[in-house]
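Residue-level structural notes
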Amino acid sequence: MSKILIRGAKVLGGEVQDVLIDGETVAATARQGEIDWSGTGLSAEGATVIEADGQILLPGLVDLHTHLREPGREDSETVLTGTRAAASGGYTSVFAMANTHPVADTAGVVEQVYRLGQEHGYCDVQPIGAVTVGLEGRKLAELGAMHDSAAGVTVFSDDGKCVDDAVIMRRALEYVKAFGGVVAQHAQEPRLTEGAQMNEGVVSAELGLGGWPAVAEESIIARDVLLAEHVGSRVHICHLSTAGSVEIVRWAKSRGIDVTAEVTPHHLLLTDELVRSYNPVYKVNPPLRTEKDVLALREALADGTIDIVATDHAPHPHEDKDCEWAAAAMGMVGLETALSVVQQTMVETGLLDWAGVADRMSFAPARIGRAKGHGRPVSAGEPANLTLVDPAYRGVVDPADFASRSRNTPYEGRELPGRVTHTFLRGRATVVDGKLA
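Residues numbered from 1 in each chain as written. Predicted model: local features only at pLDDT ≥ 70, side-chain atom pairs only at ≥ 80, totals over all residues. Heavy atoms only, no water.

Our focus in this paragraph is the sheet that holds strand β6 (residues 61-66). Strand order in this open sheet of 3 strands is β6-β7-β8, and the pairing throughout is parallel. Strands at the two margins of the open sheet, each flanked by one partner only, are β6 and β8 (124-127). Across this sheet, the average inter-strand angle for adjacent strands is 20°, counted without regard to direction. Across 4 bridges, the pairing between β6 and strand β7 (residues 91-96) is parallel. Note that in β7 the partner of valine 62 across the bridge is serine 93. (Pairing = 2+ DSSP bridges. Helix = DSSP H or I, 4+ residues; strand = E, 2+ residues; numbered from the N terminus. Axes fitted to C-alpha atoms, helices over the stretch in contact; angles between N-to-C directions.)

Here the largest pocket is characterised by a volume of approximately 650 Å³. What lines the largest pocket is a set of 25 residues, among which Glu336, Tyr393, Asp401, Arg419 and Gly434 lie closest to the centre. Elements with a minimum of two residues in the lining of the largest pocket: α11 (338-347), β16 (386-396), β17 (415-425) and β19 (435-436). The biggest single contributor to the lining of the largest pocket is β17, with 5 residues. Looking at the lining of the largest pocket, its residues break down into 12 nonpolar, 7 polar and 6 charged. (1 Å grid on protein atoms, 1.4 Å probe; cavity = no way out; pocket = protein on both sides within 12 Å on 5 of 7 lines; lining within 4 Å. Points joined across faces, edges and corners; volume = space filled by probe spheres on them. Nonpolar A, V, L, I, M, F, W, Y, C, P; charged D, E, K, R; others polar.)

Now for the pattern of salt bridges. Inspection of every chain in the model, using the stated rule, returns 19 salt bridges. Salt-bridge contacts for arginine 250 lead to aspartate 303; the nearest nitrogen and oxygen are separated by 2.9 Å. Remark: aspartate 303 occurs in helix α9 (residues 291-303) and arginine 250 occurs in helix α7 (residues 243-254); sequence separation between them is 53 residues. Using a relative accessible area of 28% as the deciding quantity, one classes arginine 250 as partly exposed. You can call aspartate 303 partly exposed: its relative accessible area is 46%. Via salt bridges that share partners, Arg73, Asp75 and Asp320 belong to a single interconnected network. (Salt bridge = Lys/Arg side-chain N within 4 Å of Asp/Glu carboxyl O. Buried < 20%, exposed > 50% of the residue type's maximum accessible area, 1.4 Å probe, protein only.)

With that settled, consider the packing of aromatic side chains. Taken as a whole, this structure holds 2 aromatic pairs when the rule is applied. One aromatic cluster is present, formed by Phe156, Tyr175 and Phe179 through successive ring pairs. In this arrangement the basic side chain of arginine 419 is found over the ring face of tyrosine 393, its NZ or CZ atom lying 5.2 Å from the centre. (Phe/Tyr/Trp six-rings, centres within 6.5 Å; stacked < 30°, edge-to-face > 60°. Lys NZ or Arg CZ within 6 Å of the ring centre and 35° of its normal.)

Here it is, written out as structure tokens:
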């Protein structure tokens, strides 16, 4: 079994420590130079030494919202390329959304995705099962069979589409309650967003593009938290994007409703003003909102109203994005830039410290999705799923450097802080000195 000694890292941004990895687990941690080997049976002899020089050591990041596209859209992404991108971004576990072709609405499809993740080994892949057959919103999918499969599905979502039928949503919440699962809702009232192209507001009016009103998201969230309260089940809100949505979730939590919510990095940084360029790279679902919304989302992430950051990594081939705005696909890649955007918007603004980042990007998503072995403390006896980050680094985003198969990033040419220098999956380095191992 290999040994790795990480010397001089700031664990969760705190005190400088040495961390010994022995095989798949963290064997020992102590203040720098103070590991006492006597009587432990441990030794750093023969270990590969990584001089961290004050870099930040975090638990491996967990993404509750990733699109890996396989099976069916391997021209956009595959489990291999997507997990390589995840490792590059510091992730050791990702939850793969169900809107594949065929849809992941059966035990067979979720097991296929799960085994592909095991085979490629850059990070763990936990499939998310569809709520309804074919994402059509009419009939519940095989929720129990997917949970009982080898993939052990705990999260169900029709993401990309909203479960807009209240009766179907209620039944799904009732069904997953039996085994402690959670329904992750893509909150978008379809009738209110017909023909919508961007956020409804001043910019959409000036550009003459169909507006996507905030109430289309907020009305579904309000309905679903009340359904979750009625049923006594868990509901998770995907990619929350408006100040009004924040207030609804805050109210629901104050009532003791079992609701959690996520925000994407791009909704923490970008606004609808960017759409004035008509560059389809900024076309996303839900749409980029206003500066007021962005600031509300940051505050909500800081105070815990929003529980986690999730990437909504949505890769598309060149031809689906490099076209006129109306025809372009919605979505952005995000796995390889997420931590940098969070550092810029939350850490460098003083809204979160690195321990807070560890909570929002590792501990909490692992807890919501029940990702075994992930989101664990950096301490002896825990699985060695770890991420080492150089926060002093500054670099310009070049999509040509991405491990993802797709390049549809909104950050091309933008300088972002921070760089993942090492990622460890159960003690094995998947990223070394900023490059895939």
